[in-house]
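Descriptive structure summary
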Amino acid sequence: MPIVLILLFFSVQSEAQNEFPKAEIKNSLIKAKLLLPDKESGYYRGTRFDWSGVMPELVYNGHTYFGQWYDNYEPTWHDAIMGPVEEFAPLGYTEADPGGNFVKIGVGVLHKPEEERYDRFNYYTIEDYGRWNIKKRSEQVSFTHNIEHIDYSYKYRKTIRLVPGKPLMEIIHLLKNTGQRTIQTNVYNHNFFVMDGTFTGPGLEVNFPFDLKADPQRIGNITDVIDNKIAFKRELGAEERVSLGSLSGFGNSADSYDFRIENRKTGAGVRITGDKPLLKLIFWASQKVLSPEPYIDIRIEPGQELTWKVVYEFYSIDIK
């Protein structure tokens, strides 16, 4: 994509996003924008993803890492989302009768319709939005979401922090079970990377610290999975998608939660590490975005809490 068109694209999107509640954070190396949760006027009001942490822009050393990758927008659409956003598996869906409700962490208490199974791509009526509390500082934003439900109640706090003087962004989580039932769920980060506006194709790579295994039937004629790397044989078309589900090869320790994305066309790189073992690993991409999706398991007894952290280290690579 020509540089002029990239700049025009991001300029148009930035102007459109100015009407929504937002915050900016920065340190001496990184600048980022966040779109804030708000049930009346928030940019994202869907029921798939956690509302906290929507990030339309992050800039490091002249490189951009996130942005709008979809063509059409409505606040309740499940994919009207940007940045390192997360999704929790629902709580209480299976045991709820049609007409009852269930809980999505970071979203609220949702109405269960008459349907065969839960569908993350659907929009569910929100019966209780819970209470959001947002604290902004120059280098971080902290989001706290409280839900009080007959079975599943919680306090969820997410802090997005730029480490002073370093090219690091931390996403720090705390989830406390304030209800009567065990919280058994999982969460993954979709990592909607749009790196320097480059179309997905040769020159973009995702590297892991283990030999990656993928279903040969899902690799197709677009991707290559070689040893510890996902690469591309050609550029994706406008309507094409890549979906590599249930990737394997990782171990049982947090050491496997460690991967790098590099754009060898522009020199942008990022390393993502977590402090919990991987439960599952998926990779998804379209023409404008690529998304390694690492899952972790969560089990919290009533009265207990769990903390976890994901760190993004941004860097530049030499290109010839």
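Refer to the structure presented above.
Notes on the structure in this doc start here. (Residues numbered from 1 in each chain as written. Predicted model: local features only at pLDDT ≥ 70, side-chain atom pairs only at ≥ 80, totals over all residues. Heavy atoms only, no water.)

**Remarks on the sheet that holds strand β22 (residues 305-316)**
- The antiparallel open sheet is built from 10 strands, whose spatial order is β9-β10-β11-β12-β22-β19-β18-β14-β16-β15. What marks the edges here is a single partner per strand, and that holds for β9 (131-136) and β15 (223-226). Going from strand to strand, the sheet's axes swing by 15° on average, the running direction of each strand aside. (Pairing = 2+ DSSP bridges. Helix = DSSP H or I, 4+ residues; strand = E, 2+ residues; numbered from the N terminus. Axes fitted to C-alpha atoms, helices over the stretch in contact; angles between N-to-C directions.)

**A look at the environment of asparagine 189**
- Inspection of the secondary structure assignment puts asparagine 189 in strand β13 (residues 183-189).
- The exposure class of asparagine 189 is buried, given its relative accessible area of 3%.
- Along the primary structure asparagine 189 and isoleucine 222 are separated by 33 residues, whereas in three dimensions their C-alpha atoms are 23 Å apart.
- Residues in contact with asparagine 189, not counting those within four places in the same chain, are Pro84, Val85, Glu86, Ile171, Pro292, Glu293, Pro294 and Tyr312.
- Polar side-chain contacts of asparagine 189 include one of 3.1 Å to the backbone oxygen of proline 84.
- For asparagine 189, the side chain forms a polar contact with the side chain of tyrosine 312, separated by 3.2 Å. (Buried < 20%, exposed > 50% of the residue type's maximum accessible area, 1.4 Å probe, protein only. Contact = heavy atoms within 4.5 Å. Polar contact = N/O pair within 3.5 Å; in protein donor to acceptor, adjacent residues only side chain to side chain.)

**Points about the pairing of β22**
- Bridge count for strand β12 (residues 168-177) against β22 is nine bridges, and the pairing is antiparallel. Residue pairing across strands places isoleucine 171 opposite valine 310, the latter belonging to β22.

**Looking at the side chain of threonine 47**
- Looking at where threonine 47 falls in the secondary structure, it is placed in the loop between β2 (30-35) and β3 (54-60).
- A polar contact is formed between the side chain of threonine 47 and the backbone oxygen of asparagine 122, at a distance of 3.4 Å.
- A distance of 3.1 Å separates a polar atom in the side chain of threonine 47 from the backbone nitrogen of tyrosine 124.
- Look past the residues within four positions of threonine 47 in its chain and what remains in contact with it is Lys104, Val107, Leu110, Tyr118, Asn122, Tyr123, Tyr124 and Ile126.

**Observations concerning the pairing of strand β1 (residues 22-26)**
- Alternating positions in β1 separate cleanly, Ala23 and Ile25 being buried on one face and Lys22, Glu24 and Lys26 remaining unburied on the opposite face.
- Two elements, β1 and β2, share five bridges in a ladder whose sense is antiparallel. Residue pairing in the sheet places lysine 26 in a bridge with lysine 31 of β2.
- Joining the antiparallel neighbours β1 and β2 is a turn of three residues.

**Focus on the packing of aromatic side chains**
- This model, assessed by the stated rule, comprises 26 aromatic pairs.
- Pairing phenylalanine 49 with phenylalanine 192 gives two aromatic rings, centres 5.9 Å apart and planes at 75°, and the pair type is edge-to-face. One end of the pair, phenylalanine 49, is in the loop between β2 and β3; the other, phenylalanine 192, is in the loop between β13 and β14 (204-207), with 143 residues separating them in the sequence. The residues phenylalanine 49 and phenylalanine 192 share a single accessibility class, namely buried.
- An angle of 90° between the planes, with centres 5.4 Å apart, marks the rings of tryptophan 69 and tyrosine 70 as edge-to-face.
- Looking at lysine 112, its charged tip hangs above the ring of tyrosine 93, at a distance of 4.3 Å from the centre.
- The ring of tyrosine 295 has lysine 280 lying over it, and the distance from NZ or CZ to the ring centre is 4.4 Å. (Phe/Tyr/Trp six-rings, centres within 6.5 Å; stacked < 30°, edge-to-face > 60°. Lys NZ or Arg CZ within 6 Å of the ring centre and 35° of its normal.)

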